[in-house]
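# Residue-level structure breakdown
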Amino acid sequence: MSVNLSTPPSILGPATDESLSVVAYKAIMLKRRIILTLATEGDCTIADLSRILSVSNPTITKLVGELIREGYVRDLGKIETSGGRRPCAYGLVSESGYFLGVAIQDEAIAFGVIDLNKNVVNTTKEEPLAYNTQTQLVDNLAERITRFIDTLGGVKNKIFGLGITVKGRVDAASGVVYNPMNIDGYPLAQAITERTGIETIIENDTRAMTYAEYLNCDNAEGVENALFINAGRGTGVGIVVRGKLYYGKSGFSGEFGHIPFFDNEKICQCGKKGCLETEASGAALETIFAERMRDGASSILSERFAEGHPISMYDIIGATKSDDVLSIDLLTSIGEKLGRGISVLINLFNPELVVIGGPLSEVGDYLMLPIRTALNKYSLRLVTRDTTLRLSTLGETAGVLGAALLTRNRMLGIL
């Protein structure tokens, strides 16, 4: 199955055509550098581009003219100067290219689209992705992506890249995932590229969410080092060091939930005992809720539980928002334990910013207040005094936007 896309302009598409001459290839590469400069620096004059790229004014003038005719760059008119001739400024045409993000979540598969200037064009959520075999996984995922692209009208002919986020360990460099979506070691990214005709990257969900949240803060406070806590059924951390995502040697950094934090006999999904996730995660919340109900506790979910319906993390989050005492009590306890874990991270990394996101963050202060209390109790004052703690500003869209942003910035050469 493939998406019926017209061939995109080669400026952002792969420039690997063997028929290209050396001169043509160099021109494409320099045009990409011009687009990258406008994407990172904002509007520029010919003189600005020439200085930044160390390329002569005549060459920049010629290539900017071509980019205008190709629809990537627009002439913004003359700008005011202190004297002499007023130069023209140039900026990117936002609608000249688009990047698609796909987040495979617990409850649904979500989609998002951004344009060349990072403006959000579309976000939507569908039903969970169902599959019984790895072939069915790839086919169903490609079909969902195709179906979504077909709703985008004229945008679909200008999609330059696709990013997909999944839970668990991901080798972003190779596109291979190490979770139940692993297709016998074959890169999932390559499999989707083959079926859709769109260059695809794969990324861990927490890392993509981290990237979106970090860029969304616009470095307004000079943030270079940040942590993002993904509090969902599992517990992960995304790490930004000196403005860059930290991957670790093998690309598997961020396994926060598998620190052996507790002296208990609870078996974690990783097979070990005492992991943070056994006490401070959505999965732990579901288990503890069921235990409390069997011990005779009362909740607005009691009737559903008595009827044999499984109570999910999302049910408990909803009950918390409805002031259910049991749910609030359990989430407060999880917040305190999570805060103890975060205090260790803060003592280690001394970040300027810590963002709490993921599904559990939807309960707001019921989670944040015990986290703050634990940080005050367990972290070192000299280390934490310059750390800002806040809730996610992007919520459930962080994953798809992070996937799209990572795709855009990798294709532009920003990462």
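## Digging into the overall build of the protein
When you go through the protein residue by residue, the secondary structure sums to 13 helices and 15 strands. For 415 residues, the compact-globule estimate of 2.2 N^0.38 gives 22 Å, and the protein sits close to it at 24 Å. Structurally, the protein occupies a C-alpha span of about 80 × 55 × 40 Å along its principal axes. Per-residue burial for the protein yields a buried fraction of 50% across its 415 residues.

## Topic: the packing of aromatic side chains
Aromatic ring pairs are described here by two measures, namely the spacing of the ring centres and the angle between the planes. For the structure on display, the rule yields five aromatic pairs. Relative to F160, the ring of F99 lies with its centre 6.3 Å away and its plane at 45°, an arrangement referred to as tilted. Here the residue F99 occupies a position in strand β4 (residues 98-104), and F160 occupies one in strand β7 (residues 159-166), the gap between them amounting to 61 residues. Residue classification places F99 among the buried residues on the basis of a relative accessible area of 0%. We classify F160 as buried; its relative accessible area is 4%. Judged by centre distance (5.7 Å) and plane angle (80°), the rings of Y178 and F252 are edge-to-face. A residue pair is termed long-range when its members are at least 10 positions apart, and Y178 in strand β9 (residues 176-178) and F252 in the loop between β13 (244-245) and α7 (282-294) qualify at 74 residues. When its relative accessible area of 44% is taken as the criterion, Y178 is described as partly exposed. Taken together, the aromatic side chains of Y72, F99 and F160 make up a single cluster linked through ring pairs.

## A word on the packing of helix α1 (residues 22-41) against helix α3 (residues 57-70)
Interaxial distance between α1 and α3 falls to 10 Å at its minimum, and their mutual angle equals 80°. Between α1 and α3, the crossing angle belongs to the class labelled roughly perpendicular. Where α1 abuts α3, its residues A27, L30, K31, I34 and I35 lie against T59, I60, L63, V64, E66, L67 and E70. Partitioning the contact of α1 with α3 into residue classes produces eight nonpolar, one polar and three charged.

## Structural notes on the pairing of strand β11 (residues 226-231)
For β11, the tally of buried residues reaches six of six residues, placing the bulk of the element in the interior. Note: β11 against strand β12 (residues 235-241), six bridges, orientation antiparallel. Each residue of the ladder has a partner; that of F228, found in β12, is G238. Taking the residues between adjacent antiparallel strands as the criterion, β11 and β12 are bridged by three residues.

## Considering the pairing of β7
Counting buried positions over the eight residues of β7 gives eight, a clear majority of the element. As judged from the six bridges shared by β4 and β7, these two strands associate in the parallel manner. Pairing of F99 across the sheet is with G161, part of β7.

## What about the packing of helix α6 (residues 205-216) against helix α13 (residues 398-412)?
One way to put it is that α6 packs onto α13 with a least axis distance of 7 Å and a crossing angle of 80°. In terms of orientation, α6 and α13 fall into the roughly perpendicular class. Residues A208, M209, Y211, A212, E213 and L215 of α6 lie in contact with α13, whose contacting residues are A398, G399, L401, G402, A403, L405, L406 and N409. Residues that form the contact of α6 with α13 fall into these classes: ten nonpolar, three polar and one charged.

## Section: the environment of L276
Its location among the elements puts L276 in the loop between β13 and α7. Spatially, the C-alpha atom of L276 lies 39 Å from that of T40, the residues being 236 residues apart in sequence. If near-sequence neighbours (up to four positions away) are discounted, L276 is found in contact with T235, F256, G257, I259, F261, F262, K337 and L338.

Parameters at a glance
Residues numbered from 1 in each chain as written. Predicted model: local features only at pLDDT ≥ 70, side-chain atom pairs only at ≥ 80, totals over all residues. Heavy atoms only, no water. Helix = DSSP H or I, 4+ residues; strand = E, 2+ residues; numbered from the N terminus. Rg over C-alpha atoms; globule rule 2.2 N^0.38 Å. Buried < 20%, exposed > 50% of the residue type's maximum accessible area, 1.4 Å probe, protein only. Phe/Tyr/Trp six-rings, centres within 6.5 Å; stacked < 30°, edge-to-face > 60°. Axes fitted to C-alpha atoms, helices over the stretch in contact; angles between N-to-C directions. Parallel < 35°, antiparallel > 145°, perpendicular 65-115°, else oblique. Contact = heavy atoms within 4.5 Å. Nonpolar A, V, L, I, M, F, W, Y, C, P; charged D, E, K, R; others polar. Pairing = 2+ DSSP bridges.

The values reported here are purely geometric and, on their own, carry no functional implication.
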